[in-house]
Amino acid sequence: MKKYFNEDLLRIIISTLLFLISFLFKEPVKIILLVISYIIISIEVYKNAFCHLKEGEIFDENLLMIIATIGAFFISSYIEAVMVMLLFEIGEYLSDLAINNSKESIIKLMDLRTDTINIIKNEEIIKMPTEDAQVDDIFVVLPGEKIPLDGIVIDGTSHLDTKALTGESIPQTVTINDQVLSGSINKESILKVKATSTLKTSTANKIIELLENSNSRKSNTETFIERFSQIYTKVIIIVALVLLIIQPLFGRNMHDSLYTTLIFLVTSCPCALVISIPLGYFCGIGTASKNGILIKGSKELDLLSNIDYLALDKTGTITEGIFEVSEVKSNNLPKNKLLSLVRSAEENSNHPIALAIKKYAKNTPKKKVSDFQEIPGKGLKCKVEQQELLIGNSKLLTENNITFPTLQTEETIIYIAIDKTYEGYIIISDKIKESSYELVKLKDDLKDIIILSGDNEGIVKSVASKLNIKTYYSNLLPEDKVNKIKEYQTKGQVMFIGDGINDAPVLKLADIGVSMGEIGSDAAIEASDVVIMQDDLSKISKVLDISRLTKRKIITNIIFALIIKFIVLVLGTFGITTILMAVFADVGVTIISILNVLTIFKLK
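Residues numbered from 1 in each chain as written. Predicted model: local features only at pLDDT ≥ 70, side-chain atom pairs only at ≥ 80, totals over all residues. Heavy atoms only, no water.

K.L.:
Kindly report on the nonpolar core, identifying the contributing residues and their values.
P.N.:
One finds Leu 310, Met 495, Ile 497, Val 514 and Ile 540 to be the most contacted residues of the largest nonpolar core, which totals 93 residues. With ten residues, helix H10 (residues 271-290) is the largest single contributor of residues to this core. Look past the residues within four positions of Leu 310 in its chain and what remains in contact with it is Leu 439, Leu 442, Leu 446, Asp 448, Ile 449, Ile 450, Met 495, Ile 497 and Ile 540. (Core = buried A, V, L, I, M, F, W, Y, C linked by side-chain atoms within 4.5 Å. Buried < 20%, exposed > 50% of the residue type's maximum accessible area, 1.4 Å probe, protein only. Helix = DSSP H or I, 4+ residues; strand = E, 2+ residues; numbered from the N terminus. Contact = heavy atoms within 4.5 Å.)

K.L.:
Please set out the packing of aromatic side chains residue by residue, giving values where relevant.
P.N.:
A full pass over the atoms with the stated rule returns eight aromatic pairs. Ring plane angle 85° and centroid distance 6.4 Å describe the contact between Tyr 38 and Tyr 46, whose orientation is recorded as edge-to-face. Residue class for Tyr 38 comes out buried when judged on its relative accessible area of 7%. Judged by centre distance (5.7 Å) and plane angle (55°), the ring pair of Phe 73 and Tyr 78 falls under tilted. Given the relative accessible area of 22%, Tyr 78 is considered partly exposed. Clustering of aromatic rings is evident, with ring pairs tying together Tyr 38, Tyr 46, Phe 73 and Tyr 78. Sitting over the ring of Tyr 488, Lys 491 keeps its end group 4.5 Å from the ring centre. (Phe/Tyr/Trp six-rings, centres within 6.5 Å; stacked < 30°, edge-to-face > 60°. Lys NZ or Arg CZ within 6 Å of the ring centre and 35° of its normal.)

K.L.:
Got a sec to walk through the pairing of strand E15 (residues 387-392)? Specific residues and values, please.
P.N.:
Look at any regular strand and the pattern is simple: side chains alternate between the two faces of the sheet. Counting buried residues in E15 gives five out of six residues, a clear majority hidden from the surface. Inspection of the sheet shows strand E14 (residues 379-384) paired to E15 by six bridges, in the antiparallel sense. When the bridges of E15 are listed, Lys 383 appears paired with Glu 388. Hairpin geometry of E14 and E15 is characterised by an intervening segment of two residues between the two adjacent antiparallel strands and by a positive phi of about 50° at Glu 385. The sheet contact formed by E15 and strand E16 (residues 412-418) spans four bridges and is antiparallel. Bridge pairing in E16 links Leu 389 to Ile 418. (Pairing = 2+ DSSP bridges.)

K.L.:
How would you summarise the sheet that holds strand E7 (residues 179-180) if you had to cite specific residues and measurements?
P.N.:
With antiparallel pairing, the six strands of this open sheet are ordered in space as E2-E1-E3-E9-E4-E7. Looking at which strands have only one partner, the edges of the open sheet turn out to be strand E2 (124-129) and E7. The sheet contact formed by strand E3 (residues 138-141) and strand E9 (residues 191-195) spans four bridges and is antiparallel. Each bridged residue has a counterpart across the sheet, and for Val 141 the counterpart in E9 is Leu 191.

K.L.:
Would you mind going over unusual backbone geometry in detail, with residue names and values included?
P.N.:
Leave glycine aside and you will find that most residues have negative phi; peptide bonds, for their part, are mostly trans. For the bond from Glu 27 to Pro 28, the omega torsion is 5°, close enough to zero to count as cis. With respect to the helices and strands, the residue Pro 28 is situated in the loop between helix H1 (7-21) and helix H2 (29-54). In this structure, Glu 123 is a non-glycine residue whose phi angle is positive, near 65°. Mapped onto the elements of the fold, Glu 123 is located in the loop between strand E1 (116-121) and E2. In this structure, Asn 177 is a non-glycine residue whose phi angle is positive, near 80°. Tracing the backbone shows Asn 177 in the loop between strand E6 (172-174) and E7.

Structural data, given as structure tokens:
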């Protein structure tokens, strides 16, 4: 990191003082002072140009400044030469300072990891490197300490500051059996936690890696500007030479011709675009991170500003995804015996519905299961004590030619068949999230909002009606969701929001895939372009606002820089402006552009 408050600033101060003192003297002392001032202020520019030369990057803004100022000395414009370099370096200093300050919030966010952990071994607390801790280790978190690894609280009750993770300022209450995420800060009481991750697989580490890698996923605008700047300086120098040669042919003297050429060189410097555009995307990604929204890169941030359709999974995205058994119906078997069979069959499944059934039937005995087969989008098939069980939705029973009564309910129905005979059902209830009602605010900004669900039509229709969403599709298998996304992609850009695991193929296919509250899952981070740290759909509106504001700021900077430079170039061609105005067209425009994109951090 550059030493902003000694070397650079010291050079600027000394050079400025020598420049001002030179006006107290006459030649040749004045010229000597100006030359010394120039050497002091330009040494960093020459160093950078030489370093780039060794790397094969001959043409850059440093070379433009060197050519322009040497040309100014050549025509005896000593004051202008020093002022050009002085203002250029002041502009670079202020740019670096602004960029450095803008990174502070991200640096704080990335300060999630802790190097040490308090492991309990043989009833003693041993402080050791966090990287040496393993899954299932027991560790203690004291008040004021960061939680080093993801885990489950096994003793204690406290409040956690999760703002760096979720963007929420309200402390989270945790007690025994609650999950805690690394990077959270323990506010009050001692917690004893059982680790469920290592340092490498911890939530804090995943977030940091995501942010560190965001620079590698550049937007089309960034990529274009980088490629453009590589050939731009070469073209500018060639055009400047042509300009210098042809001007005398139209009657201008060499002094005026060279002065106009120098104005052209300084004005054409691409600093405003090369610096402010990547910084703009950085500010957008940083603002989203502060709000608990992780965006993989500027490419994804750019795509977010052009979304036409929003498609959502239902279970766990629109609804809580916390299922509860509300009714059990058995035709012939005693209720507990049916539950015992179903519980045994569901034992090998991690589906949310299976978890709800296992929780409800936890006091029933488990039986031996064989030939277990999970059927995506339909249910499961297995044998329990030589009885063949089919447990799932109506499609599963219909495909197996099993007759069963049709039930009218807005809740999820799990049908049960034993040895090809309908035996009963279990009704599972789920609740719509409060934040889902915020989706209505997005209607004016999008062409349509679509629900894609594997549940029956009655359930999906009821949820869509409550949220005032007109377009919905029910009874979809995973491949059906993929086909629906492809269909809508022929009409525009599609964002899909899902749980990050079951919907991984759809998340990858969509133009933008968003996972809700699944940061602890490798599948979510791998499949998604955006990860919302909480199950909060209101953050979708926020991330769209951030992306659109970022794009507006970047476009504004491009237009502003090009207009100012064009005006100064035209005026310089006719000898109306000065080289100092050219410096403003470069340094001044750069600073204004940087300040413009930094306002992204102020988005409310």
